[in-house]
Amino acid sequence: RGHTDFKRMIDAMWVARGDTPNAPRATNIPALRSFFTNYFDIDTMLTSLALQTWICPWDDTTQNHFLWRRANDKWSTLPWDCDAWFGRGDNTPATSSIYIGEVGDPNNNFRGPNFIKDSFFKAFRQEYKERLYLLNNTYLHPDNITAMGFGSIRSFADARFAAVNQQCGFGP
């Protein structure tokens, strides 16, 4: 369908943020929530970002992801180029931040932040933490990872499980 709708969505994000890439601050949380509600599938974004961040991607801040416009006309993200996941990246051990991609996150790579992730984390921080915690303690639980046949990443899953639960702060 061309780039017009995509550009409109990106422009609307920067208006909602009230800042620029050169001076990021994104403090207008109600405007960001409204932006995401209008343009993105919130439930899909919560799950997508929780799964993507759990695996500790090292280079999805400025590449290796797609913005996907679903049939419902709402956007979400899809990972791409899945190398260096599961603690294999330069900056992303299993203890990495649950906010990889956010402005100023210590686990961002040299390319910097991902402003879509940064905006979403700021607008839906509590909901994101709740979704990540739920997935971490069910689908992504180390015992389940092993049961699904992914025992080769069990040590990563054990460490990530503990790190995510600690960072979410909801207790056992």
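Residues numbered from 1 in each chain as written. Predicted model: local features only at pLDDT ≥ 70, side-chain atom pairs only at ≥ 80, totals over all residues. Heavy atoms only, no water.

> Account for the pairing of strand E1 (residues 65-69), with residues named and values stated.
Taken together, the 5 bridges between E1 and strand E2 (residues 75-79) define a ladder with antiparallel strand orientation. Looking at E2, one finds that His 65 is bridged to Pro 79. (Pairing = 2+ DSSP bridges. Helix = DSSP H or I, 4+ residues; strand = E, 2+ residues; numbered from the N terminus.)

> Could you give me a rundown of the nonpolar core, with the residues and numbers involved?
Ranked by internal contacts, the top residues of the largest apolar core, which has 40 residues, are Phe 35, Phe 36, Phe 40, Trp 54, Phe 120, Tyr 128 and Leu 132. At the level of secondary structure, the elements contributing two or more residues to this core comprise helix H1 (4-17), helix H2 (29-39), helix H3 (42-54), helix H4 (115-123), helix H5 (125-136) and helix H7 (154-168). For this core, the leading source of residues is H3, giving 6 residues. (Core = buried A, V, L, I, M, F, W, Y, C linked by side-chain atoms within 4.5 Å. Buried < 20%, exposed > 50% of the residue type's maximum accessible area, 1.4 Å probe, protein only.)

> Talk me through H2; I want residue IDs and the actual numbers.
Listed as buried for H2 are Leu 32, Phe 35 and Phe 36. When H2 is viewed along its axis, its buried side chains cluster within an angular range of 90 degrees and face the same direction. In H2, the exposed positions that point more than 90 degrees away from the buried face belong to Pro 30 and Asn 38. Close packing links the buried residues of H2 with H1, H3 and H4. The N-cap residue of H2 is Asn 28: its side-chain oxygen and the backbone nitrogen of Ala 31 are 3.2 Å apart. (Arc of directions from axis to C-beta. Contact = heavy atoms within 4.5 Å. Polar contact = N/O pair within 3.5 Å; in protein donor to acceptor, adjacent residues only side chain to side chain.)

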